[in-house]
Amino acid sequence: MSRDKYLILLTNDDGVGAEGLLTLKRHLAELGRVVVVAPYEERSGVSHGLTIHFPLRQVEISRDHYALTGTPADCVLFAVRKLLPRPPDLVVSGINHGPNLGDDILYSGTVAGAREAALHELPAFAVSLVTGRNSNQGFEAAAKFTCTLIQELLPNWVSKGTYLNVNIPAGEPRE
């Protein structure tokens, strides 16, 4: 695949410098142009909150890598409406540090990032690593698995307004 095949928006709720986000950014770059717009600091558990009473501030960390003083849903809205030259081909939210299972999806900022993309009829993945909260092991394998999943599913995406909540077990997932 050529580097310019896809325009991918990457966000999360663990913050702009989170290891899961940075690892995934590196791997997604093999699929296309990756633009990161993520919360300036950790915003876990903010659900689908939007910032409406305070101005949002954008900080450019590096080329195509931005921090926003808002929630993951704010980050997707800002990128889609203000920053990107066209709608992204895909929005990925993660890799979250810890699972998003069951009722977690109601509170998760990671899942809300993908859900906001789906509201704009963009295909999206929320990706979480099912590991202990204090463990950083597994992000490399999870990022590789995520890219494989994207390559298999994106060309024939199910329907507009759909997002997938993917929880990857620690270790080396194969299928």
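To keep things clear, this report deals only with the structure shown in the data block. (Residues numbered from 1 in each chain as written. Predicted model: local features only at pLDDT ≥ 70, side-chain atom pairs only at ≥ 80, totals over all residues. Heavy atoms only, no water.)

### Quick word on the overall build of the protein chain
The number of helices and strands found in the protein chain is 5 helices and 7 strands. Start at the N end of the protein chain and walk to the C end: the helices and strands fall as β-α-β-β-β-α-β-α-α-β-α-β. On C-alpha atoms alone, the protein chain measures out to a radius of gyration of 14 Å, which is about the 16 Å that the 2.2 N^0.38 rule sets for 175 residues. Expressed as a percentage of its 175 residues, the buried residues of the protein chain come to 50%. Taking as baseline every contact in the protein chain between residues at least 6 positions apart, the subset at least 24 positions apart corresponds to 77%. As presented, the protein chain carries roughly 8,600 Å² of accessible surface, and 50% of it is formed by carbon and sulfur atoms. With 16 positive and 19 negative side-chain charges, the protein chain shows a separation of 6 Å between the mean positions of the two kinds. (Helix = DSSP H or I, 4+ residues; strand = E, 2+ residues; numbered from the N terminus. Rg over C-alpha atoms; globule rule 2.2 N^0.38 Å. Buried < 20%, exposed > 50% of the residue type's maximum accessible area, 1.4 Å probe, protein only. Contact = heavy atoms within 4.5 Å. Areas by Shrake-Rupley, 256 points an atom, 1.4 Å probe, with all protein chains shown as cover. Lys, Arg positive; Asp, Glu negative; His and termini not counted. Charge placed at Lys NZ, Arg CZ, Asp CG, Glu CD.)

### A look at the side chain of Asn-12
For Asn-12, the position within the fold is in the loop between strand 1 (6–11) and helix 1 (19–28). A relative accessible area of 0% places Asn-12 in the buried class. At a separation of 2.9 Å, a polar atom in the side chain of Asn-12 contacts the main-chain carbonyl oxygen of Gly-15. (Polar contact = N/O pair within 3.5 Å; in protein donor to acceptor, adjacent residues only side chain to side chain.)

### A look at the packing of helix 2 (residues 72–83) against helix 4 (residues 109–119)
Viewed as axis vectors pointing N to C, helix 2 and helix 4 meet at an angle of 30 degrees, and their least axial separation amounts to 7 Å. Considered as vectors, helix 2 and helix 4 are oriented roughly parallel to each other. At the point where helix 2 passes helix 4, the crossing takes the right-handed sense. Mapping the contact onto sequence places Pro-72, Ala-73, Val-76 and Leu-77 in helix 2 and Gly-109, Gly-113, Glu-116 and Ala-117 in helix 4. (Axes fitted to C-alpha atoms, helices over the stretch in contact; angles between N-to-C directions. Parallel < 35°, antiparallel > 145°, perpendicular 65-115°, else oblique. Left-handed = near helix turned anticlockwise from the far one by under 90°.)

### Notes on the side chain of Thr-131
Turning to its location among the elements, Thr-131 is positioned in the loop between strand 6 (124–130) and helix 5 (139–153). What Thr-131 contacts, discounting residues up to four positions off in sequence, is His-97, Gly-98, Pro-99, Gln-137 and Ala-170.

### Overview of the packing of aromatic side chains
Tallying each qualifying case throughout the model produces 1 aromatic pair. Note on Phe-125 and Trp-157: the rings are 5.3 Å apart at their centroids and 70 degrees apart in plane angle, and the pair reads as edge-to-face. Of the two residues, Phe-125 is situated in strand 6 and Trp-157 in the loop between helix 5 and strand 7 (163–169); the sequence distance between them amounts to 32 residues. Per residue, the accessibility class of Phe-125 equals that of Trp-157, and both read buried. (Phe/Tyr/Trp six-rings, centres within 6.5 Å; stacked < 30°, edge-to-face > 60°.)

### A look at a nonpolar patch on the surface
Nonpolar side chains collect at one region of the surface, where Tyr-40, Val-59 and Ile-61 lie side by side and expose about 290 Å² of accessible area between them. Relative to the helices and strands, Val-59 is located in strand 3 (residues 58–62). (Patch = residues over 30% accessible without salt bridge, like charges linked within 9 Å, V, L, I, M, F, W, Y side chains within 5 Å. Salt bridge = Lys/Arg side-chain N within 4 Å of Asp/Glu carboxyl O.)

### Digging into unusual backbone geometry
Here the bond from Gly-94 into Ile-95 is cis, since omega is 0 degrees, no more than 30 degrees from zero. Relative to the assigned elements, Ile-95 resides in strand 5 (residues 90–97). Backbone geometry at Asp-64 places phi at a positive 60 degrees, although glycine is not the residue there. Overall, the relative accessible area of 7% leaves Asp-64 in the buried class. A positive phi angle is found at Glu-121, which is not glycine, with a value near 60 degrees. Among the structural elements, Glu-121 can be located in the loop between helix 4 and strand 6. With a relative accessible area of 49%, Glu-121 lands in the partly exposed category.

Note that all results are geometric; they support no functional claim without further evidence.
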